[in-house]
Amino acid sequence: MRTLLIAGNWKLNPTTAEAAVALAEGVKTGLGTATDVHVAVAPPFVFLSQVDGVLEGSPIGLSAQDMYWENSGAFTGEVSGSMLVDVGCTHVILGHSERRHGMGETSDIVNRKVKAALEAKLIPIVCIGETKEERLGERTEAVLLEQLSGSLAGLAPEQMAGIVLAYEPVWAIGTGLTATPEQAQAAHAFIRDWLTKVFGEATAARVVVQYGGSVKADNALQLLGCPDIDGALVGGASLKASDFLAIIKAGQEVTAGGKA
Ligand code: PGA
């Protein structure tokens, strides 16, 4: 019922347009025209246009890593949803933990961005997840609750159905530590329950909830096989086409096995 979404979050990489184009070309060539899983890449803003040119004719979506909630005006340094659509974006990552924790982004700010992204007809990939201290202090569910209810406030069920969530435990991002499939599935089931309570069962069943945090070729199959994990948001392992393609292949395998 839900098609897996495997998205590559390139973060502040690579450092040249030439390398970004080469990476996109590698992913495009490796994927071909397969659409059994959805795939997207999220390069830095400055490479979006060139990567969009590479992706022409391929089913790969193009994502930004952030956006501002206003459409235009005196907001130095910001980029709007309509600008992202203009350069070919289909998706936008919002509320990544590196922005929540590194740049002070609150759930209220994320909520404004989510609404602006929907207005611009972009698919938001909204990130949530607890820190190590919060997990050890048994506050994981409370933190997820705050981030879900704050970031997704005021949305209609139909809007919610078009949003992708990414559960990314902060302690697993870029650390080589991965949540076990049991830990990840438990968090995803909690998120699905919350969606059911707030938006109803039919909507909750449609929302794609990705897992993120040190996803690699060798753990992807197990994670993606969990019933409430509908894809992966991949950082480090998306910077090499062959590594990213191996994760996509794991997604294709679980899909062929009847998961979707
Ligand atoms: P990682 O990053 O795969 O390098 O842990 C994931 C993310 O931050 O989206």
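Nothing here was measured: the structure is a model prediction, and the numbers come from that model.

### Describing the overall build of the protein chain
And step 1. Along its length, the protein chain carries twelve helices and eight strands.
And step 2. Taking 2.2 N^0.38 as the reference for a compact globule, 260 residues should give roughly 18 Å; the C-alpha atoms of the protein chain span a radius of gyration of 17 Å, in line with that estimate.
And step 3. Along the first, second and third principal axes, the C-alpha set of the protein chain runs to 50 × 45 × 35 Å.
And step 4. Put simply, of all contacts in the protein chain between residues at least 6 apart along the chain, 73% involve residues at least 24 apart.
And step 5. Carbon and sulfur atoms form 54% of the exposed surface of the protein chain, whose accessible area is close to 11,200 Å².
And step 6. Where the 19 positive side-chain charges of the protein chain centre and where its 29 negative ones centre are 2 Å apart.

### Considerations on empty space enclosed by the protein
And step 1. This structure, assessed with the given rule, holds one cavity of 30 Å³ or more.
And step 2. Forming the boundary of the largest cavity are Gly 95, His 96, Ser 97, Arg 100, Cys 127, Ile 128, Gly 129, Glu 168 and Val 170.
And step 3. Elements that contribute at least two residues to the lining of the largest cavity include exactly helix H4 (97-100) and strand E5 (123-128).
And step 4. Its residues assigned to classes, the lining of the largest cavity shows three nonpolar, four polar and two charged.

### Some details on the site of the ligand
And step 1. For the ligand, the set of nearby residues contains 13 residues, the closest of which are Lys 11, His 96, Glu 168, Gly 174 and Ser 214.
And step 2. Residue Lys 11 places a side-chain N or O atom 2.7 Å away from an oxygen atom belonging to the ligand.
And step 3. In the model, an oxygen atom of the ligand is placed 2.7 Å from a nitrogen or oxygen of the His 96 side chain.
And step 4. Summarising the interface, the protein chains cover 96% of the accessible area of the ligand, which totals 280 Å² for the free molecule.
And step 5. Among the residues making up the shell around the ligand, the classes are represented as four nonpolar, seven polar and two charged.

### A short note on unusual backbone geometry
And step 1. The residue after Asn 13, namely Pro 14, is reached through a cis peptide bond having omega -20°.
And step 2. For Pro 14, the position within the fold is in the loop between strand E1 (5-9) and helix H1 (17-31).
And step 3. Positive phi outside glycine occurs at Glu 138, with the angle close to 55°.
And step 4. Looking at the element boundaries, Glu 138 is found in the loop between helix H6 (132-136) and helix H7 (140-151).
And step 5. Assessed through its relative accessible area of 75%, Glu 138 is described here as exposed.
And step 6. In this model, Ser 214 sits at a positive phi of 55°, which is unusual for a non-glycine residue.
And step 7. By the secondary structure assignment, Ser 214 is in the loop between strand E7 (209-212) and helix H11 (217-224).
And step 8. Assessed through its relative accessible area of 9%, Ser 214 is described here as buried.

### Some thoughts on the sheet that holds E1
And step 1. Pairing in this closed barrel of eight strands is parallel, and the strands run E1-E2-E3-E4-E5-E6-E7-E8 around the ring. The mean inter-strand angle of the sheet, taken between neighbouring strand axes irrespective of direction, is 25°.
And step 2. Where strand E4 (residues 91-94) lies against E5, four bridges are found, and the strand directions are parallel. For Val 92, the partnering residue across the bridge sits in E5 and is Pro 124.

### Considerations on H1
And step 1. In this model, H1 (15 residues) spans 21 Å end to end at C-alpha, consistent with the 21 Å of a helix rising 1.5 Å per residue.
And step 2. Along H1, the residues classified as buried are Ala 20, Val 21, Leu 23, Ala 24, Val 27 and Leu 31. In an axial view of H1, the angular spread of the buried residues amounts to 160°, which keeps them on one side of the axis. Across H1 from its buried face, at more than 90 degrees, point the exposed residues Glu 18 and Thr 29.

Rules and cut-offs
Per chain, residues are indexed from 1 in the order of the written sequence. Note on the predicted model: pLDDT of at least 70 is required for a residue's local features to be given, and 80 or more for side-chain atom pairs to be given and counted; whole-chain, interface and lining totals, by contrast, use all residues. Values shown for side chains rest on all heavy atoms present in the structure; no hydrogens or waters enter the calculation. We count a stretch as a helix when DSSP gives it H or I for four or more residues in a row; a strand needs E for two or more, and each element gets its number in order from the N terminus. Our radius of gyration looks at C-alpha atoms and nothing else; its globule reference is 2.2 Å times the residue count to the power 0.38. Between two residues, a contact is recorded if the distance between any of their heavy atoms is within 4.5 Å. Areas reported here follow the Shrake-Rupley algorithm with a probe of radius 1.4 Å; residue values treat only the protein chains shown as occluding. Charged residues are defined here as Lys and Arg on the positive side and Asp and Glu on the negative side; His and the ends of the chain fall outside this count. Each charge is placed at NZ for Lys, CZ for Arg, CG for Asp and CD for Glu. Only protein atoms enter the 1 Å grid used here. Points where a 1.4 Å probe fits but cannot escape make up a cavity, open sets with protein on both sides within 12 Å along at least five of seven lines make up a pocket, and a residue lines them when an atom lies within 4 Å of a point. Grid points are joined across faces, edges and corners, and a volume is the space filled by probe spheres set on the points. Three classes are used: nonpolar for Ala, Val, Leu, Ile, Met, Phe, Trp, Tyr, Cys and Pro, charged for Asp, Glu, Lys and Arg, and polar for all others, with Gly counted as polar. When at least one non-hydrogen atom of a residue lies within 4 Å of a molecule or strand, that residue is treated as near it. A 3.5 Å cut-off defines polar contacts: any pair of N or O atoms within that distance qualifies, except that in protein one atom must be a possible hydrogen donor and the other a possible acceptor, and neighbouring residues in sequence count only when both atoms are side-chain atoms. Using a 1.4 Å probe on the protein chains alone, a residue whose accessible area is under 20% of its type maximum counts as buried, one over 50% counts as exposed, and one in between counts as partly exposed. Strands are labelled as partners when DSSP assigns at least two bridges between them. Lines fitted to C-alpha atoms define the axes, with helix axes restricted to the stretch in contact, and inter-axis angles between N-to-C directions lie between 0 and 180 degrees. Multiply 1.5 Å by the residue count of a helix minus one, and that product is the helix's expected span. Comment: arc refers to directions from the helix axis out to C-beta atoms.

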